[in-house]
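Now for the letters of each chain:
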Amino acid sequence: MSSLVVREERWGWEFGEPDNRVPAPFPEPPPGLATRPPAWPLRLAGQLKRATGRRDGLAKVAVGAAVLCPVSWIFALPVAALAPAGIVVGALWLGWGRPGWLRRRANARYARWLCDCAARDIRASEELAQWAARRSDYERNAQAASDPWSPLRPATTERVDVFGGTARSWAAMLRAMDSSLAGSGARLTVLDLSQDQVGRGLGNVLSAAGAPVAGFSLPEQMGAVNLLSGLSAEDIGVVVAEAIRAAEPDAAAAAVTMDATLIQHAAAALAEAPVTFARLHTALRAVLDPRAAGEDSLISRAEYAALSEWLNETVRKSAEPRLFRIIAAVGRIAALGGDASGVSVLVDDSSALRVVELSEREPDLTSELLRQVLFQILLHQVRRFGRTGGRRVIVVAGADTLRRAHIERLDQVARKNGIRLVLFFRHLRDDATKLIGGGEAVVFMRLGNTKEAEQAANFIGTEHRFVASQFTVSRGTNPPVSTSDGTTRAASGHDPVASGSQSSGSRNLDYGWLFSYRGPSADPSYGTQKSTSQQTGGSWEHQRAYDYTISPTMLQGLSPTAFILVDPRDPGSPRLGDCDPAILDSRRR
Amino acid sequence: MSRQDHGLWVGRSYLHFLLPVPTLSAVEIDLLDRAIGAADGWTPAAVTDSGPVLSRAWETPAKAELRLAVLSWYPAFVTLGPPGRSGRAARSARERVAELVLSQGGFLVGDPELARVHERLADRWARAVALQREIDELEFALEQRQCVQCGSAAARRAAHCPTCRRRFTGAEDVASDDQHRGVEAALHDRVAQLTALARGEGIFAQWPAAAAGSRPGASADGGPGAGAGAGGAADAASAAPDRPVPRVVPHR
């Protein structure tokens, strides 16, 4: 699990070219065979040749001497016959006996030499085995280094908008992204307003890695927090008023100012104890109905007196319609609970990761109010962060219902303070369509809606192509579906001609790998094979299977964890990536 | 074998030979096993299961022994004989191996040629290593392209530089393709040279049997003949395999 936490920022992985990092050949030459050729074969061969070459002459000498032998015996002394007899014997030895002796000698010398060769073989085998082991290590290391999956991240360090996808998509991306950001030393604040708990697994990863993590699930943990903690009366006025207005899109803009003023003064009057939604609600109610303030009330007599001092009858009468709305809204939040001594959920502390998620426990109206309150508190906190040391990233998941003006304000403040803002939108519609491109980079995940997919395709540019090549990465699960889709970019942007292709892999999954469907092939499928030479054994293979041109259909068919990253600062943009953490497993095998 | 062939070696129980292959592989070993084991009950002994074939031994039930030692590579230069006393079985096995060598397009090297051939093969091995190195580097170059901006290597078919992430232009693609065509030609040339080394070309004028019909016994520099008859050469011409040249140090 902790292996997911890396120092290099990544949002997913891009399937690159396996041969992008072709390992250099092993530099060490193999050891040779250190055999010394013996000198005796040449010498003995010469002697044998000479010996056999003299046989005719020696035969004549032997015959002559043999004739002389009886002649000497008869006509001279018998002893004189010994000399020709000796010559006969000598000639026979030189012509026939010596070659045999040379052959036997050669056999003996050969046997000794062969034994020397055997001793050499032992040494040579050891040297070769060591060399082969070194080469094997080298190639294994080189192979390990040539990973076709490379981390993918936006080139920009500012705002990134993510459109589309599902809870699973976002969870996968947050897991890949946030853990790497935390690993790189950045401090993360994840405000999950999607009600899908997309950031829930995130804390597990980082905790296992030893990183300080803080997490709140609201409203379940409202009893342990005070949402208004650390806010001044003026801040409370703005935060609550803006939240109420955002939850009431039809409310007049002028009403916000009045709401903020009313809430601010109510909060200012609550000076004897920390302001909570419950105390604020009581105070606002007391403005309309003095019976709300009493012995058992959450506000004291002194605080009520301070309220009454400002809210005279004239003001009360004119603000009554708004007060009713404010009390209703604040009352809903107050009903969720809250502790005056509770901590603030979005404080600037030393946590590497702070996740605040909105659960789906409450009905939509209350959830929407709480969502807006949390966002406003975040906006307020971002203002207060200022330009702090170190990198800071703020992720807002489920930004669809946030007002465009609020998001743009958050973006402005975040940029000013050097904070990266990441916004996840479930859909590309309403205010989101007006926000697209307003940040730096844009990420598109699966967009099921045709109109949304069309908008995204138009934004990316339909001239881009992703060439899918055959590749195989097997997973050890029991997949019901086997696919061999892949991805590689051949050409895009201003060069519509496919200049090459990348390669390869496939995997068996319970869903598609990058694509859940086989896209229409722009070019007919074909395969090519090329070999440097049959003799060298070096060959490579490339098979192109499908071309995916950016189209609404293609965006609708992206697999849950696939995404297209469009980043104007990246010359290679757009890029097709995948944030499935399982890719790490396939890379390790 | 003719009687003349017996004169190649001073001893009567051993022989040296070249085979038109870079190193001894399982194919040649199998052929040798069959030829030697065709009579007298020769069986392989002390077989090693891994690593390149540097030596091999056979023995009979009567404890006669034959041993093979690889003297050099590119082409395979081998000596085979008894490490102790020789006998009829060893001499008979030698005859069969000699016939096998000739049938496989090999070349019998006599005792007078032994030192000279060995010396030349040492040079050829060094050349083979250098050629293999060149081939490795050319193959490496064939898979790569250079980014003109940052100078880092990218895959040949890459659309972007992996370092600076710049998209390669069409002109760069064309230049890269041209460069790779040159590399391919050079690679083809080196492979051909290595193949020639493996086949034993250049050691003797009339061997290997590409020069068809010639007697493989005559040496390139007019030295003493060290081969078999024309029949063997003809066999060699047909049997010389046009097969892949393995890496310089293959494994069995």
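Cut-offs and rules
Residues numbered from 1 in each chain as written. Chains lettered and ligands numbered in written order. Predicted model: local features only at pLDDT ≥ 70, side-chain atom pairs only at ≥ 80, totals over all residues. Heavy atoms only, no water. Helix = DSSP H or I, 4+ residues; strand = E, 2+ residues; numbered from the N terminus. Buried < 20%, exposed > 50% of the residue type's maximum accessible area, 1.4 Å probe, protein only. Contact = heavy atoms within 4.5 Å. Areas by Shrake-Rupley, 256 points an atom, 1.4 Å probe, with all protein chains shown as cover. Disulfide = S-S within 2.5 Å. Phe/Tyr/Trp six-rings, centres within 6.5 Å; stacked < 30°, edge-to-face > 60°. Lys NZ or Arg CZ within 6 Å of the ring centre and 35° of its normal. Axes fitted to C-alpha atoms, helices over the stretch in contact; angles between N-to-C directions. Parallel < 35°, antiparallel > 145°, perpendicular 65-115°, else oblique. Left-handed = near helix turned anticlockwise from the far one by under 90°. Nonpolar A, V, L, I, M, F, W, Y, C, P; charged D, E, K, R; others polar. Salt bridge = Lys/Arg side-chain N within 4 Å of Asp/Glu carboxyl O. Polar contact = N/O pair within 3.5 Å; in protein donor to acceptor, adjacent residues only side chain to side chain. Patch = residues over 30% accessible without salt bridge, like charges linked within 9 Å, V, L, I, M, F, W, Y side chains within 5 Å. Core = buried A, V, L, I, M, F, W, Y, C linked by side-chain atoms within 4.5 Å. pLDDT = per-residue confidence, 0-100. 1 Å grid on protein atoms, 1.4 Å probe; cavity = no way out; pocket = protein on both sides within 12 Å on 5 of 7 lines; lining within 4 Å. Points joined across faces, edges and corners; volume = space filled by probe spheres on them. Pairing = 2+ DSSP bridges.

### Details of the overall build of chain A
The secondary structure content of chain A amounts to 16 helices and 17 strands. Burial statistics for chain A: of 589 residues in total, 53% are counted as buried. At a minimum sequence separation of 6, the contacts of chain A that also span at least 24 residues come to 80%. In the form shown here, chain A has an accessible surface area of approximately 25300 Å², with 54% of it arising from carbon and sulfur atoms.

### Some words on the overall build of chain B
A tally of regular secondary structure across chain B gives six helices and eight strands. Ordered by position from the N terminus, the helices and strands of chain B form the series α-β-α-β-β-β-β-α-β-α-β-β-α-α. Counting only residues that meet the buried cut, chain B has 52% of its 252 residues in that class. Pairs at least 24 residues apart make up 64% of the contacts formed inside chain B by residues separated by at least 6 positions. By element, 53% of the accessible surface of chain B is carried by carbon and sulfur atoms, the whole surface being about 10000 Å².

### Let's talk about the state of the cysteines
Counted according to the given criterion, the structure contains zero disulfides over all chains. Left unpaired, Cys117 of chain A is separated from the closest cysteine sulfur, that of Cys115 of chain A, by 9.1 Å.

### As for the packing of aromatic side chains
As enumerated under the stated definition, the model contains 13 aromatic pairs over all chains in all. Above the face of the Trp170 of chain A ring, Arg426 of chain A is positioned so that its terminal group lies 4.2 Å from the ring centre. Directly above the aromatic system of Phe168 of chain B lies the positively charged group of Arg145 of chain B, at a separation of 3.9 Å from the ring centroid.

### Digging into the packing of helix H1 (residues 40–53) of chain A against helix H4 (residues 111–142) of chain B
Packed helix pairs are characterised by how far apart their axes lie and by the angle those axes make with each other. It is the contact of H1 of chain A with H4 of chain B, at a shortest axis distance of 7 Å, that shows an interaxial angle of 150 degrees. Looking at the two axes, H1 of chain A sits roughly antiparallel to H4 of chain B. Considering only the axes of H1 of chain A and H4 of chain B, their crossing is left-handed. Contact residues: Trp40, Pro41, Leu42 and Ala45 of chain A in H1 of chain A; Asp111, Pro112 and Leu114 of chain B in H4 of chain B. Among the residues making up the contact of H1 of chain A with H4 of chain B, the classes are represented as six nonpolar, no polar and one charged.

### With respect to the pattern of salt bridges
Enumeration over the complete set of coordinates arrives at 25 salt bridges over all chains. Where Glu368 of chain A meets Arg371 of chain A, a salt bridge forms, and the shortest distance between an N and an O atom there is 2.5 Å. Placement of the pair is Glu368 of chain A and Arg371 of chain A together in helix H11 (residues 364–385), with a separation of three residues, close to one helical turn. As a salt-bridge pair, Glu65 of chain B and Arg67 of chain B come within 3.4 Å of each other at their nearest N and O atoms. Its relative accessible area of 29% is what places Glu65 of chain B among the partly exposed residues. When salt bridges that share partners are traced, they join Glu158, Arg159, Asp161, Asp411, Arg415, Glu440 and Arg569 of chain A into one network.

### Details of the side chain of Ser169 of chain A
Residues and elements named next belong to chain A. Within the secondary structure, Ser169 is located in helix H4 (residues 167–183). Polar side-chain contacts of Ser169 include one of 2.5 Å to the backbone oxygen of Pro560. In contact with Ser169, not counting residues within four places along its chain, are Met445, Pro560 and Cys579.

### As for a nonpolar patch on the surface
Taken together, Val63, Val67, Leu68, Val71, Trp73, Ile74 and Phe75 of chain A make up a surface patch of nonpolar side chains, about 780 Å² in accessible area. Looking at where Trp73 of chain A falls in the secondary structure, it is placed in helix H2 (residues 55–75).

### Considerations on the nonpolar core
All names here are of chain A. Within the largest apolar cluster, 88 residues are counted, with the highest numbers of intra-cluster contacts made by Leu218, Leu227, Leu280, Leu374, Val396 and Phe444. Ranked by the residues each element gives to this core, the list is headed by H11, at ten residues. Once residues lying within four places of it in the same chain are set aside, the contact partners of Leu227 are Leu218, Met222, Phe277, Ile333, Val345, Leu370, Val373, Leu374 and Ile377.

### Let's talk about the environment of Glu184 of chain B
Examined against the element boundaries, Glu184 of chain B turns out to sit in helix H5 (residues 170–199). For the pair Glu184 of chain B and Glu139 of chain B, spaced 45 residues apart in the sequence, the C-alpha separation amounts to 8.3 Å.

### Quick look at the confidence of the model for chain A
Residue and element names in this part refer to chain A. Chain-level statistics for chain A give a pLDDT mean of 74 and a share of 76% at 70 or above. Predicted confidence is poor over residues 1–5, with pLDDT under 50, and the contacts of this stretch with residues over four places away or in other chains come to 20 contacts. Scored below 50 in pLDDT, residues 468–546 makes 235 contacts in the model with residues more than four places away or belonging to other chains.

### What to know about empty space enclosed by the protein
Residues and elements named next belong to chain A. Taken as a whole and assessed by the stated rule, the structure comprises three cavities of 30 Å³ or more. Residue lining of the largest cavity: eleven residues in total, with Asn226, Thr276, Phe277, Gly337 and Gly338 positioned closest to the centre. The class makeup of the residues in the lining of the largest cavity is six nonpolar, four polar and one charged.

### What to know about the sheet that holds strand E1 (residues 15–19) of chain B
All names here are of chain B. If you trace the six strands from one edge of the open sheet to the other, you get E2-E3-E4-E5-E1-E6, paired in antiparallel fashion. At either margin of the open sheet sits one strand with a lone partner, and together these are strand E2 (43–45) and strand E6 (107–109). Pairwise comparison of adjacent strand axes, ignoring direction, gives a mean angle of 30 degrees for this sheet. Sheet topology places E2 next to strand E3 (residues 55–59); three bridges connect them, and they run antiparallel. Paired with Thr43 across the bridge in E3 is Glu59. Helix H3 (residues 88–103) contacts E1, strand E4 (65–72), strand E5 (76–81) and E6 of the sheet and is inclined by roughly 20 degrees relative to E1.

### What to know about unusual backbone geometry
Cis geometry marks the peptide bond from Leu218 of chain A to Pro219 of chain A, where omega comes out at 10 degrees. Along the chain, Pro219 of chain A falls in the loop between strand E5 (213–218) and helix H6 (233–247). For the peptide bond that leads from Tyr74 of chain B to Pro75 of chain B, omega is -5 degrees, which places it in the cis range. Along the chain, Pro75 of chain B falls in the loop between E4 and E5. A positive phi angle, near 55 degrees, is found at Asp430 of chain A, a position not held by glycine. For Asp430 of chain A, the position within the fold is in the loop between strand E8 (420–425) and helix H13 (431–435). Looking at Asp430 of chain A, the relative accessible area reads 58%, which means it is exposed.

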